[in-house]
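Working through the structure, step by step
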Amino acid sequence: IWPLLSIPAGKFSEDYFAFWVLISIAWGFGAAIVITVLPIMESSDEISTVLSGLFCFVRAGGEKSDEYVERETEDKGKFEDA
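Residues numbered from 1 in each chain as written. Predicted model: local features only at pLDDT ≥ 70, side-chain atom pairs only at ≥ 80, totals over all residues. Heavy atoms only, no water.

When helices and strands are counted, the protein shows three helices and zero strands. The order of α-helices and β-strands along the protein, N terminus first, is α-α-α. Sorting the 82 residues of the protein into buried and exposed places 4% on the buried side. Per element, the accessible surface of the protein, about 7300 Å² overall, is 67% carbon and sulfur. (Helix = DSSP H or I, 4+ residues; strand = E, 2+ residues; numbered from the N terminus. Buried < 20%, exposed > 50% of the residue type's maximum accessible area, 1.4 Å probe, protein only. Areas by Shrake-Rupley, 256 points an atom, 1.4 Å probe, with all protein chains shown as cover.)

This is how it looks when you write it as structure tokens:
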């Protein structure tokens, strides 16, 4: 549809061509932003789940969480028995 809008213009003047190029560049950047941001927004729950799984063992103050300490102690016992 968009290129069809140029038919009534006939022969492009230099100013009209510059405007046409500006519109096409803006369209390209807008499309790039949309196709980058929308999938990230759609997958934000999964992304946060993965990131919390990667970094859950460290609290804000740099202390290890209780769950991590429990797992670490259990793992040490397994290897010492072997």
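Here we come to the packing of aromatic side chains. According to the stated counting rule, one finds four aromatic pairs in the structure shown. Each ring, one from Phe12 and one from Tyr16, has its centre 4.8 Å from the other, and the planes form 75°; the classification is edge-to-face. Under the relative-accessibility criterion, Phe12 is labelled partly exposed at 28%. A relative accessible area of 27% places Tyr16 in the partly exposed class. (Phe/Tyr/Trp six-rings, centres within 6.5 Å; stacked < 30°, edge-to-face > 60°.)

Turning our attention to a nonpolar patch on the surface. Among the surface-exposed residues, Ile33, Val34, Ile35, Val37, Leu38 and Met41 lie close enough to one another that they form a single nonpolar patch of about 590 Å² accessible area. Along the polypeptide, Ile35 turns up in helix H1 (residues 14–42). (Patch = residues over 30% accessible without salt bridge, like charges linked within 9 Å, V, L, I, M, F, W, Y side chains within 5 Å. Salt bridge = Lys/Arg side-chain N within 4 Å of Asp/Glu carboxyl O.)

Looking now at the packing of H1 against helix H2 (residues 44–55). The geometry of H1 relative to H2 is characterised by a closest axis approach of 4 Å and an angle of 65° between their N-to-C directions. In this view, H1 runs roughly perpendicular relative to H2, as classed from their interaxial angle. Where H1 approaches H2, its residues Ile40, Met41 and Glu42 are matched on the opposing element by Ser44, Glu46 and Ile47. Of the residues in the contact of H1 with H2, the class split is three nonpolar, one polar and two charged. (Axes fitted to C-alpha atoms, helices over the stretch in contact; angles between N-to-C directions. Parallel < 35°, antiparallel > 145°, perpendicular 65-115°, else oblique. Contact = heavy atoms within 4.5 Å. Nonpolar A, V, L, I, M, F, W, Y, C, P; charged D, E, K, R; others polar.)

Taken residue by residue, the protein gives an average pLDDT of 76. The fraction at 70 or more is 63%. Of all helices and strands in the protein, the one with the weakest mean pLDDT is helix H3 (residues 66–81) (59), whereas H1 scores best (92). (pLDDT = per-residue confidence, 0-100.)

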